[in-house]
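What follows is each chain in one-letter form.
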Amino acid sequence: QPVAVEVLDHLEQLALVDFRDAEGVERLRKAIQFADQLHEVNTDGVEPMDSVLEDRCVYLREDDVTEGNCANELLKNAREKVEEYFVAPPGNIPLPKLEERETFLQGS
């Protein structure tokens, strides 16, 4: 089933994911189709759970530090960094106009 342009725009703003091309839209469509299988399960009378382990006692282990002092090594993976922090994209990145995507959305 086709994905509405408005839905794509909303998802891009929420998740900072770019669905600019037909491949991205197809990947999203398949993910939605996969998740739609959940509607086939009858959940009438089933109470929601916080965890699948809520009926068991979960024992915690000691938190022993075995490694550390590797911040410089980890920061080598960053595309951008400021001092000792990874730089993430801001939440209000202007994304392409809806009209720019209508061409390939009609084929999805």
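Residues numbered from 1 in each chain as written. Predicted model: local features only at pLDDT ≥ 70, side-chain atom pairs only at ≥ 80, totals over all residues. Heavy atoms only, no water.

Looking at an unreviewed UniProt entry, one finds the chain named GATC amidotransferase, with Alca torda as its source organism.

(A) Structural view of the overall build of the chain. The helix and strand tally for the chain stands at four helices and two strands. From first element to last, N terminus to C terminus, the chain shows the α and β order α-α-α-β-β-α. In the chain, once contacts between residues fewer than 6 apart in sequence are set aside, the share between residues at least 24 apart is 60%. (Helix = DSSP H or I, 4+ residues; strand = E, 2+ residues; numbered from the N terminus. Contact = heavy atoms within 4.5 Å.)

(B) Spotlight on unusual backbone geometry. The backbone of asparagine 69 sits at a positive phi, close to 55°, despite the residue not being glycine. With respect to the helices and strands, asparagine 69 occurs in the loop between helix H2 (22-35) and helix H3 (71-75). A relative accessible area of 88% means that asparagine 69 is categorised as exposed. In this model, glutamate 83 sits at a positive phi of 55°, which is unusual for a non-glycine residue. In this structure, glutamate 83 sits in the loop between strand S1 (81-82) and strand S2 (85-86). (Buried < 20%, exposed > 50% of the residue type's maximum accessible area, 1.4 Å probe, protein only.)

(C) Up close: helix H1 (residues 5-15). Listed as buried for H1 are Val5, Leu8, Asp9 and Glu12. Projected down its long axis, H1 carries its buried residues within an arc of 100°, all on one side. Across from the buried face of H1, at angles greater than 90 degrees, the exposed residues are Glu6 and Leu14. (Arc of directions from axis to C-beta.)

(D) Quick peek at a nonpolar patch on the surface. On the surface, Met49, Val52, Leu53, Val58 and Leu60 cluster together into a nonpolar patch covering about 560 Å² of accessible area. Note that leucine 60 resides in the loop between H2 and H3. Judged by its relative accessible area of 82%, leucine 60 falls in the exposed class. (Patch = residues over 30% accessible without salt bridge, like charges linked within 9 Å, V, L, I, M, F, W, Y side chains within 5 Å. Areas by Shrake-Rupley, 256 points an atom, 1.4 Å probe, with all protein chains shown as cover. Salt bridge = Lys/Arg side-chain N within 4 Å of Asp/Glu carboxyl O.)

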